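Reading the structure
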2 protein chains.
Amino acid sequence: MEHEFGRVTILGLGLIGGSLAKALKAKNAVREVVAWGHRETSLQTGLQLGVIDRYSLDLADAVHDADIVVIATPTLIAETMLEQIAPLIGPNTIITDVASVKGNLQRAAERIFGQVPSNLVLAHPIAGSEQSGVTAAKADLFVNHRVIVTPTDRTSAQALECVERMWQCTGADVSSMSVDDHDDILAATSHLPHVLAFALVDALAGDPAHRDIFRYAAGGFRDFTRIASSDPTMWHDIALANRVALVGLIDQFSAHLANLRSAIDRSDGEFILKTFSRAKEARDQFSDMLRGRAANLSEE
Amino acid sequence: MEHEFGRVTILGLGLIGGSLAKALKAKNAVREVVAWGHRETSLQTGLQLGVIDRYSLDLADAVHDADIVVIATPTLIAETMLEQIAPLIGPNTIITDVASVKGNLQRAAERIFGQVPSNLVLAHPIAGSEQSGVTAAKADLFVNHRVIVTPTDRTSAQALECVERMWQCTGADVSSMSVDDHDDILAATSHLPHVLAFALVDALAGDPAHRDIFRYAAGGFRDFTRIASSDPTMWHDIALANRVALVGLIDQFSAHLANLRSAIDRSDGEFILKTFSRAKEARDQFSDMLRGRAANLSEE
């Protein structure tokens, strides 16, 4: 049987890279999965678990003759990886990634290559788990999850199709949009909520007067602050990588909150009720939409 | 068999009042449950479902000879109820309530009675459901949920003990604290998170540029914004009733967010990482605490 993809090289074998490898191998869609990383123990584990076929600690060796190179390192390191593989790969190798922010990597590509290369297809699988590392990798991690690809005018149709097919192979639901739209949408639906949750928990936990408050917190607080248990390093990377969009949204949110604060302060019940009612209506529509799609949602 | 409580009168037969009645009757702890309300259909339904023993549309008749009067109306209406029952009840009747804010009711009591009466024991069961009304009432709604009582120096020991025993009868875990502590703690763990969730969803839904964003929202956003589906009228009442504590906390949170916003804007990775790490540590401790107690948490 002909494999749909030849050699796929994963740079950084963690939860996402490992799950992609497992999904492609489970579908028998790839001839060979090669991994590269700094920590040999992760690579050895991946090999023992059958997640990958072989690994190399030498980047040039790992990407040699690869059909697809997937940069699956943390967000900020992805820029460095792009720079390091630039002189090592040929024009027929497709480069893609899995980072949560796309603008910083596109700007890095412009800096490194002069312009965004036609064989670079940035992508973002919106999936994750509370666990991390290759041992947590699951072949079905992306099933019914959204993957956003962000091609440019210069992206080759063949490279785009190849990356889209690779993700469809994992069971993901692939959408396409511009880099700017991606970063704006993710800033609103993911990056801003994380910043607000981190800020709230830190504000409350840091005040000695509130030391005891968590004892009295109920279910609403538990759900609202769950994302403040996310990996601080990953979210540090995301905040820096999507800095401009995120700061703009924090400002927009802060202005909105300031208006609501003033209304509460002056006991303007009409303003408060209108705001809360609009929000409930929008959130209920979102719930209906979720029920309408068979999505297996989980934290990014 | 001797009933522990004689006649209990519920003013406002909704989810909370109805569930309290059901819990007391399930334990055979009450001789008679009487209900009063504006909407006779709710009262008729409560009678048909066996939640109450009888009802009256006449307030004086409903509270006559009651051992305990439970004000279970919406938060702001509770102040009016206190005023209306003041001339109708004798010194041996214990008055209590179930509202989410205690300070506004204590101030109302001082205004109405000259000082907080010794037979008034304000209380707050931290429990609820996405459903409302007497048809949603459940005898086990309060099992393992926290009920906070807020006695003053003038509260009679007998009245306090009676209200505490009534809630223990429902399976609740009863704590005691001052009115100010209650309102500060609830502002932090419940009222502020609700305001932030309402503000975020309204800010995003109101911006035409973001009309489509909910399509791309994942599990983190769903959990973070769930409380924005809460009843706008109830939360309007709470925001007004706990205005001072809430505005103070919004200011404290906004200052915290402004610092984080500046750090992101100037790419201060160290500040960002420290803040996120502190928040994650505090949130993880909260998770451990939740696992440590067999609480059946649900939204307030």
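Small disclaimer: the values here were computed from a predicted structure and weren't measured.

Thresholds, definitions, all that
- Residues numbered from 1 in each chain as written.
- Chains lettered and ligands numbered in written order.
- Predicted model: local features only at pLDDT ≥ 70, side-chain atom pairs only at ≥ 80, totals over all residues.
- Helix = DSSP H or I, 4+ residues; strand = E, 2+ residues; numbered from the N terminus.
- Rg over C-alpha atoms; globule rule 2.2 N^0.38 Å.
- Contact = placed C-beta atoms within 7 Å.
- Pairing = 2+ DSSP bridges.
- Axes fitted to C-alpha atoms, helices over the stretch in contact; angles between N-to-C directions.
- Domains from an automatic or database assignment.
- Left-handed = near helix turned anticlockwise from the far one by under 90°.
- Nonpolar A, V, L, I, M, F, W, Y, C, P; charged D, E, K, R; others polar.
- Parallel < 35°, antiparallel > 145°, perpendicular 65-115°, else oblique.
- Least-squares fit on C-alpha atoms with pLDDT ≥ 70 in both.
- Buried ≥ 20, exposed ≤ 12 C-beta atoms within 10 Å, placed from the backbone.
- Arc of directions from axis to C-beta.
- Right-handed = clockwise from strand over helix to strand, strands pointing away.

A look at the overall build of chain A
- Scanning chain A from N- to C-terminus turns up 11 helices and nine strands.
- In terms of C-alpha radius of gyration, chain A reaches 21 Å, essentially the compact-globule figure of 19 Å for 300 residues.
- A principal-axis box enclosing the C-alpha atoms of chain A has dimensions of 70 × 40 × 35 Å.
- Sequence-distant contacts, at least 24 apart, represent 77% of the contacts inside chain A between residues at least 6 apart.

A look at the sheet that holds strand β6 (residues 120-121) of chain A
Residue and element names in this part refer to chain A.
- Across the sheet, six strands lie side by side as β3-β2-β1-β4-β5-β6; this open sheet has parallel pairing. Each edge of the open sheet carries a strand with a single partner, namely β3 (54-56) and β6.
- Pairing analysis gives four bridges linking strand β4 (residues 68-71) to strand β5 (residues 94-97), with the strands arranged parallel. Bridge pairing links Val-69 to Ile-95 in β5.
- Where helix α2 (residues 40-48) meets the sheet, it contacts β2 (30-36) and β3, and its direction lies at approximately 165° from that of β3.

A word on the domain arrangement of chain A
All names here are of chain A.
- As far as domains go, chain A holds domain 1 (5-177) and domain 2 (182-292).
- Contact residues are listed per partner, giving 13 residues for domain 1 and 10 residues for domain 2.
- Mapped onto the side of domain 1 that touches domain 2, the elements with two or more residues apiece are α4 (75-85) and α5 (103-113).

Concerning the packing of helix α7 (residues 179-206) of chain B against helix α10 (residues 243-265) of chain B
All names here are of chain B.
- One can describe the packing of α7 onto α10 by two numbers: an axis separation of 9 Å at closest approach and a directional angle of 65°. For the crossing formed where α7 meets α10, the hand is right-handed. Contacts from Asp-183, Asp-184, Ala-187, Ala-188, His-191, Leu-192 and Val-195 of α7 reach α10 at Ala-245, Leu-246, Leu-249, Ile-250 and Phe-253.
- For the contact of α7 with α10, a count of residues per class yields nine nonpolar, one polar and two charged.

Describing the packing of α4 of chain A against α5 of chain A
Residues and elements named next belong to chain A.
- Put simply, α4 and α5 touch, their axes get as near as 9 Å, and they point 25° apart. Of the possible angle classes, the one that applies to α4 and α5 is roughly parallel. As for the relative orientation of α4 and α5, their crossing is right-handed in sense. Two secondary-structure elements touch here, α4 through Ala-78, Glu-79, Leu-82 and Glu-83 and α5 through Asn-104, Leu-105, Ala-108, Ala-109 and Ile-112.
- Looking at the contact of α4 with α5 residue by residue, the class counts come to six nonpolar, one polar and two charged.

Some words on the relation of the copies chain B and chain A
- After a rotation of 180° and a shift along the axis of 0.0 Å, chain B superposes on chain A with an RMSD of 0.0 Å. Read as a symmetry element, the transformation amounts to a two-fold axis. Ranked by how close their C-alpha atoms come to the rotation axis, the residues of chain B are headed by Phe-224 of chain B, at 2.1 Å.
- When the interface residues of chain B are mapped onto chain A, 100% of them again fall at the interface, so both copies present the same face.

Quick word on helix α2 (residues 40-48) of chain B
Residue and element names in this part refer to chain B.
- Regarding α2, the residues found buried are Ser-42, Leu-43 and Gly-46. The buried residues of α2 occupy an angular sector of 100° when the element is viewed end-on, so they sit on one face. When the buried face of α2 is taken as reference, the exposed residues oriented beyond 90 degrees from it are Glu-40, Thr-41, Gln-44 and Gln-48.
- Where α2 is buried, its residues touch α1 (15-26), β2 (30-36) and β3 (54-56).
- Looking one or two residues past α2, Gly-50 carries a phi angle of roughly 75°, positive in sign.

Digging into helix α9 (residues 232-241) of chain A
- Counted residue by residue, α9 of chain A has eight buried out of 10 residues, so it is predominantly covered.
- Taken together, the buried positions of α9 of chain A are occupied by Pro-232, Trp-235, His-236, Asp-237, Ile-238, Ala-239, Leu-240 and Ala-241 of chain A.

Some words on the environment of Gly-171 of chain A
All names here are of chain A.
- Note on placement: Gly-171 falls in the loop between α6 (157-169) and β9 (173-176).
- Residue classification places Gly-171 among the partly exposed positions, given that 17 C-beta atoms sit within 10 Å.
- Here the alpha-carbon distance between Gly-171 and Ser-129, two residues 42 residues apart in the chain, equals 17 Å.
- With residues near it in sequence (within four places) discarded, Gly-171 still touches Asp-140, Phe-142, Val-143 and Asn-144.

A look at the pairing of strand β8 (residues 146-149) of chain B
Residue and element names in this part refer to chain B.
- Taking every second residue as pointing to the same face, both faces of β8 are buried, with Arg-146 and Ile-148 on one and Val-147 and Val-149 on the other.
- Examined bridge by bridge, strand β7 (residues 123-125) and β8 share three bridges and lie antiparallel to one another. Along β8, the bridge assignment pairs His-124 with Ile-148.
- Sheet analysis places β8 next to strand β9 (residues 173-176), joined by four bridges and oriented parallel. Residue Val-149 lies in a different strand from β9, and its bridge partner there is Ser-176.
- Handedness of the β8-helix α6 (residues 157-169)-β9 crossover: right-handed.

A closer look at the pairing of strand β1 (residues 5-11) of chain A
Residues and elements named next belong to chain A.
- With six bridges joining them, β1 and β2 adopt parallel strand pairing. In the sheet register, Leu-11 faces β2, and the bridge partner there is Trp-36.
- A crossover connection joins β1 to the parallel β2 through helix α1 (residues 15-26); in handedness this β-α-β unit is right-handed.

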